[in-house]
Amino acid sequence: MWIRVPGRIRLFLALAGFLTLAPLVATPAPAARRGPGEALAEPAPPVAEPEIVFTGKMFASLKRRVDLVFPSIITELLVNSGQRVEAGEVLAKYHLTPAGVLALRQRLFPGQITEMEVKLTQVERSLAPLKDKQRELTQLVKQKLAPPESLSQVNREIQLVSREQAALTARLRRERHTLQVDRSLLRQQLGSSVNEEQIPQDGAVKAPISGYVIWVSPEVRQGAELGPAPAVFQIGVMDPMVVRAQAFEIESLQIRPGESAAVTLESLPGRKFEGKVSRVSWSSITPSLDQPSYYEVELQVPNPDLLLKEGLKASITFKK
């Protein structure tokens, strides 16, 4: 059965239903208002990690040079640069020239020792008659047959000669010890035995340490005649290598021994090595007041594949 409802009542019921359902409809949040000409805000970029970067050079961690002591002729060259050698291994052989034999003889038989031995003998001979005279005058003075002043004079002479004898004896002892040490050094330098009866004509240059031949003098070749020459060979330990650099005073205060750093080289692009600080100097290498202060920093870098060589420039980066 249908009931007629007046129009005003129907309008009232419709409005009441709309107001009841309105809270259930989601209302979008108002858009953020921008001022005229203002762009949208972008997210802040990540903060870059602070770095300390400076350059240095590669060096062997240990290096020893080998000298050619006497004028010689190279008879055989047995190694080349980059070759692995062990301590005591022969690097080259040589034959002494006449000038080299003369220089060796002078070192084996130094003239000053002979001169001191002769002088000491003369002093000892002069001391014997003085002591005899001292005994004779002592008896005469007791018997009052000689003045005491004569005995005092002889005693003074004996005292002076005894002092000279003691000084010569001590000096001769030092010179003989020095000669003994020098002969031992000659055995190492010549690579052969050295004695007073026979002077060796041939010798050998040997490696002082185990490592790699990092330098050979261009003058060293078979048949070459060389005078006394320093550093005809250089032997170095190549693993680990050492990077030496100069850090500005502010940077040096932020670096500590044992700290790690990334080491890269322009000559080896794409390769990165890890170095550890082994030393930071406490004294500036530029002490002048009108110059900025720089400090030496040293890092050790592993080099198992021997890619790193002496003299290569390196970039060192510390993440702080």
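Definitions and limits used
- Residues numbered from 1 in each chain as written.
- Predicted model: local features only at pLDDT ≥ 70, side-chain atom pairs only at ≥ 80, totals over all residues.
- Heavy atoms only, no water.
- Helix = DSSP H or I, 4+ residues; strand = E, 2+ residues; numbered from the N terminus.
- Buried < 20%, exposed > 50% of the residue type's maximum accessible area, 1.4 Å probe, protein only.
- Core = buried A, V, L, I, M, F, W, Y, C linked by side-chain atoms within 4.5 Å.
- Contact = heavy atoms within 4.5 Å.
- Patch = residues over 30% accessible without salt bridge, like charges linked within 9 Å, V, L, I, M, F, W, Y side chains within 5 Å.
- Areas by Shrake-Rupley, 256 points an atom, 1.4 Å probe, with all protein chains shown as cover.
- Salt bridge = Lys/Arg side-chain N within 4 Å of Asp/Glu carboxyl O.
- Lys, Arg positive; Asp, Glu negative; His and termini not counted.
- Charge placed at Lys NZ, Arg CZ, Asp CG, Glu CD.
- Axes fitted to C-alpha atoms, helices over the stretch in contact; angles between N-to-C directions.
- Parallel < 35°, antiparallel > 145°, perpendicular 65-115°, else oblique.
- Left-handed = near helix turned anticlockwise from the far one by under 90°.
- Nonpolar A, V, L, I, M, F, W, Y, C, P; charged D, E, K, R; others polar.
- Pairing = 2+ DSSP bridges.

Caption draft 1: The overall build of the protein, seen in detail. When you go through the protein residue by residue, the secondary structure sums to 5 helices and 12 strands. Counting the 320 residues in the protein, one finds 29% classified as buried.

Caption draft 2: Representation of the nonpolar core within the structure. Core analysis: the biggest nonpolar cluster contains 27 residues, and Leu68, Leu91, Leu104 and Phe233 have the highest contact counts within it. Of all the secondary structure elements, the ones that give two or more residues to this core are strand 1 (51–68), strand 4 (90–96), helix 2 (98–108), helix 4 (148–190), strand 6 (211–216) and strand 8 (229–248). Discounting chain neighbours no more than four positions away, the residues touching Leu104 are Phe70, Leu96, Leu186, Leu190, Ile199 and Pro200. One finds Phe54, Ala60, Ile255 and Val263 within the second-largest nonpolar core, a separate group that totals 23 residues.

Caption draft 3: Main features of a positive patch on the surface. A cluster of basic residues, Lys119, Arg171, Arg173 and Arg174, forms a positive patch on the protein surface. For the positive patch, the leading source of residues is helix 4, giving 3 residues. With respect to the element layout, Arg173 can be found in helix 4. Arg173 sits in the exposed class, given a relative accessible area of 54%.

Caption draft 4: Geometry of the packing of helix 3 (residues 111–142) against helix 4. At their nearest, the axes of helix 3 and helix 4 sit 8 Å apart, and the two run at 155° to each other. Taken together, helix 3 and helix 4 sit at an angle that is classed as roughly antiparallel. Crossing of helix 3 over helix 4 shows left-handed handedness. When the residues that make up the contact of helix 3 with helix 4 are grouped by side-chain class, the tally is 16 nonpolar, 9 polar and 10 charged.

Caption draft 5: Fine view of the sheet that holds strand 7 (residues 225–226). Pairing within the open sheet is antiparallel, and its 4 strands lie in the order 5-4-2-7. Each edge of the sheet is formed by a strand with only one pairing partner; in this case those strands are strand 5 (202–206) and strand 7. Two strands pair when backbone bridges link them, and strand 2 (residues 72–77) and strand 4 are joined in this way by 5 bridges, in the antiparallel orientation. The partner of Leu77 across the bridge, within strand 4, is Ala92.

Caption draft 6: Highlighting the pattern of salt bridges. This structure, assessed with the given rule, holds 9 salt bridges. When the shortest N-O distance is used, the salt bridge between Glu117 and Arg176 registers 2.9 Å. Taken together, the residues Glu117 in helix 3 and Arg176 in helix 4 connect sequence positions 59 residues apart.

Caption draft 7: Molecular detail of the environment of Leu104. Here Leu104 shows up in helix 2. Remark: the alpha-carbon pair of Leu104 and Ile199, spanning 95 residues in sequence, is separated by 7.8 Å.

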